[in-house]
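In case you want the letters, here they are:
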Amino acid sequence: MHRIWAIIERDMRRFRRSPTLIIVSMVMPLMQLIILGYAFGGKIKNLQVGLLDEDHRVPAIKLREMAQAVAVNARTFDTVPYNDQTTALQDLRNGKINGLIEIPPQFSRKVMAGDNPRIGLAEDNTDQFSASALEGTLNQMLTAYNQKPIPGRLSSDATLSVVEVYPYVPYIQYLLPGTIALAIFVSAMIGGGIIYIDDKARGLHEGYLVTPISKLELILGFTLAGAAKAILSGIVLVTLGSIISGIPDPLNLMRMARMLLMVIVTSLALISMMFLIMVRVSDPLVPRAIFGVLNTVLFFPSGAVYPTEAFPPWMKVITAIDPFTYAVHGFKQLVLKNTGLGAIGFDLFYLTAFTLICMAAATLLFRRTL
């Protein structure tokens, strides 16, 4: 063990003397969580929607009042009154408003006669997210507008009662498990086999070859040193990320203990995977060239940013073997649901088996030569 520890100590000393490396491996994933969490998450609010009332009767006034209620309460959109259609459509094309609600002249008359009354919605459909939010809000508003008084007898119509098992999960919380795994992966890219490739490029690896250290001891030393750095990054994301994203009771000791176990197993799996990928690589430019490709191939199919159930069959094959998938699933169970070890048992098993397979394959493929 003293030979393995010498490699770990040397690698950790070099890591400590590089503050830029520490910032990249720990702080940058945290910044990514904050920016992506608030850039893609949350409900769309404060859309500018024009309101053109060409009817001005009681049913139309009631509809305008409901639109004002949405603007005050849900705040999905703010209404901008218009008097003519030409000006409103021109503002819509110029991007001054996101949509235009038009109440036609015969709207109230058709409401009274039950003659299929309609209102118009012209929307800027170049932004599908805003357009979908606007359509959904208006459909809900019209559902409430069309609701008739409840009859005095029981209804035979089937209805849906929704029970939410967990509190509302903002997107920044949904993104946190994937960000923790990504922070560990960044450290895995920096540590592990890449360190040995960098040593070979500098000619430092010859010092290892003249010692009695074995291939397994050398690989274990680099793997454990890289895992130590990855664990530090994971702990930073687990604690600060949980606080920033608003996870309930983020410093619960039992949850932190389970999260630490998940961080350790994930770190070993990703570090050993990187060592296996780099075990026969000699050019130091190769790891830097494939970093973006690996990030795309491993991170996005894992379900970190979108549910895997929506993936095509060929992509689900990648998902099934991707260690990121099991890391993200395990962190989701712990972060979002605060479950026990039973919920992440298979994730721990897969990542442990993946680590052993990668370590064994890397040991067989490793060349202890110049």
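In what follows, the structure referred to is the one given above.
Residues numbered from 1 in each chain as written. Predicted model: local features only at pLDDT ≥ 70, side-chain atom pairs only at ≥ 80, totals over all residues. Heavy atoms only, no water.

Q: Account for the overall build of the protein chain, with residues named and values stated.
A: Looking only at helices and strands, one finds 15 helices and four strands in the protein chain. Looking at the protein chain as a whole, 42% of its 370 residues are labelled buried. At a minimum sequence separation of 6, the contacts of the protein chain that also span at least 24 residues come to 78%. Roughly 20200 Å² of accessible area belongs to the protein chain as shown, and the carbon and sulfur atoms make up 64% of that amount. (Helix = DSSP H or I, 4+ residues; strand = E, 2+ residues; numbered from the N terminus. Buried < 20%, exposed > 50% of the residue type's maximum accessible area, 1.4 Å probe, protein only. Contact = heavy atoms within 4.5 Å. Areas by Shrake-Rupley, 256 points an atom, 1.4 Å probe, with all protein chains shown as cover.)

Q: Talk me through unusual backbone geometry; I want residue IDs and the actual numbers.
A: Although it is not a glycine, asparagine 46 adopts a positive phi angle of roughly 60°. Relative to the assigned elements, asparagine 46 resides in the loop between helix H2 (19–40) and strand S1 (47–53). Positive phi outside glycine occurs at asparagine 116, with the angle close to 50°. Relative to the helices and strands, asparagine 116 resides in the loop between helix H5 (107–113) and strand S4 (120–123).

Q: Break down the pattern of salt bridges for me, with residues and values.
A: Across all of its chains, the model carries two salt bridges by this definition. Note that arginine 64 is salt-bridged to aspartate 53, the shortest N-O span being 2.6 Å. With a gap of eleven residues between them, arginine 64 in helix H3 (residues 58–72) and aspartate 53 in strand S1 connect regions that are remote in the sequence. Looking at arginine 64, the relative accessible area reads 30%, which means it is partly exposed. What makes aspartate 53 buried here is its relative accessible area of 8%. As a salt-bridge pair, arginine 57 and aspartate 55 come within 3.5 Å of each other at their nearest N and O atoms. Using a relative accessible area of 5% as the deciding quantity, one classes aspartate 55 as buried. (Salt bridge = Lys/Arg side-chain N within 4 Å of Asp/Glu carboxyl O.)

Q: Run through the sheet that holds strand S3 (residues 99–103), naming residues and quoting values.
A: Pairing is mixed across the open sheet formed by four strands, whose spatial order is S2-S1-S3-S4. The strands lining the two open edges of the sheet, one partner per strand, are strand S2 (77–82) and S4. Neighbouring strand axes in the sheet, compared pairwise and without regard to direction, differ in orientation by 25° on average. For S1 and S3, the ladder comprises five bridges, and the chain directions are parallel. When the bridges of S3 are listed, leucine 52 appears paired with glutamate 102. Running over the sheet, H3 touches S1, S2 and S3 and is turned about 140° from S2. Along the sheet, helix H4 (residues 85–93) contacts S1, S2, S3 and S4; its crossing angle with S3, the most-contacted strand, is approximately 160°. (Pairing = 2+ DSSP bridges. Axes fitted to C-alpha atoms, helices over the stretch in contact; angles between N-to-C directions.)

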